[in-house]
Amino acid sequence: EVQLVESGGGLVQPGGSLRLSCAASGFTFSSYAMKWVRQVPGKGLEWISYISSNSGSIVYSDSVRGRFTISRDNAKNSLYLQMNSLRAEDTALYYCARDLFDSWGQGTLVTVSS
Amino acid sequence: QAGLTQPPSVSKGLRQTATLTCIGNNNNVGDQGAGWLQQHQGRPPKLLSYRNNNRPSGISERFSASRSGNTASLTITGLQPEDEADYYCSAWDISLNDWLFGGGTKLTVL
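Each value, and the rule that gives it
Residues numbered from 1 in each chain as written. Chains lettered and ligands numbered in written order. Predicted model: local features only at pLDDT ≥ 70, side-chain atom pairs only at ≥ 80, totals over all residues. Heavy atoms only, no water. Disulfide = S-S within 2.5 Å. Helix = DSSP H or I, 4+ residues; strand = E, 2+ residues; numbered from the N terminus. Buried < 20%, exposed > 50% of the residue type's maximum accessible area, 1.4 Å probe, protein only. Pairing = 2+ DSSP bridges. Axes fitted to C-alpha atoms, helices over the stretch in contact; angles between N-to-C directions.

As enumerated under the stated definition, the model contains two disulfides over all chains in all. Here Cys 22 of chain A is linked by a disulfide to Cys 96 of chain A, with a sulfur-sulfur distance of 2.0 Å. Between Cys 22 of chain A and Cys 96 of chain A, the S-S torsion sits near 60 degrees, and that sign places the bridge as right-handed. Of the two residues, Cys 22 of chain A is situated in strand 3 (residues 18–25) and Cys 96 of chain A in strand 9 (residues 92–98); the sequence distance between them amounts to 74 residues. In terms of burial, Cys 22 of chain A and Cys 96 of chain A fall into one category: buried. Here Cys 22 of chain B is linked by a disulfide to Cys 89 of chain B, with a sulfur-sulfur distance of 2.1 Å.

Right, dumping it as structure tokens:
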């Protein structure tokens, strides 16, 4: 069974940093591109980053480019999102998802507030 | 105009058919096709179809997707109470280099 489990969320002050992780199991992680998507509670979905299976292609949305860094460790079956210079508008539930959005984790909540 | 446009809400009766729409442009829906996701309250999204009408295994045949020009559609037949959820379309935009989501449609089954 495909499983994606996010962790690392929490409360952080504006300007602070957090590193999210996504542990993958039940499939050959190294064969799949991965994405991060966020959702403000009660609002819609927003794609924020993509990484190809071998990390050779990385794309960011305008809203996070220059502040967030996506990475992966195929040996550890893990996906990461380093978030710097956090703003109040980054407050959301952060999901990792497999390439075609065919599998999602449960999400980890990031709250940016003083 | 960037972005994918979905109606905020649709209401249909039990066992009826609902058709949800998603309007894009030549750079996204018209070029790459669209996918559809279902999200129940408090749950992560679930993929219903990708690249127009490719259904992942386990998804009911009651869900079918199509595209006409820059408009993608999701048709749900024989509506059931468990179909009441938010539905999102998604598409890659070759001009923006962005994955886009529509604003979502809340489907109510009466």
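Having put the structure on the table, let's press on.
Residue and element names in this part refer to chain B. Pairing within the open sheet is antiparallel, and its three strands lie in the order 2-6-5. Strand pairing shows two members of the sheet lacking a second neighbour, strand 2 (18–23) and strand 5 (63–68), which therefore form its edges. Strand-to-strand twist in this sheet, taken as the mean axis angle between neighbours without regard to direction, amounts to 20 degrees. Pairing geometry for strand 2 and strand 6 (residues 71–76), over six bridges, is antiparallel. Each residue of the ladder has a partner; that of Ala 18, found in strand 6, is Ile 76.

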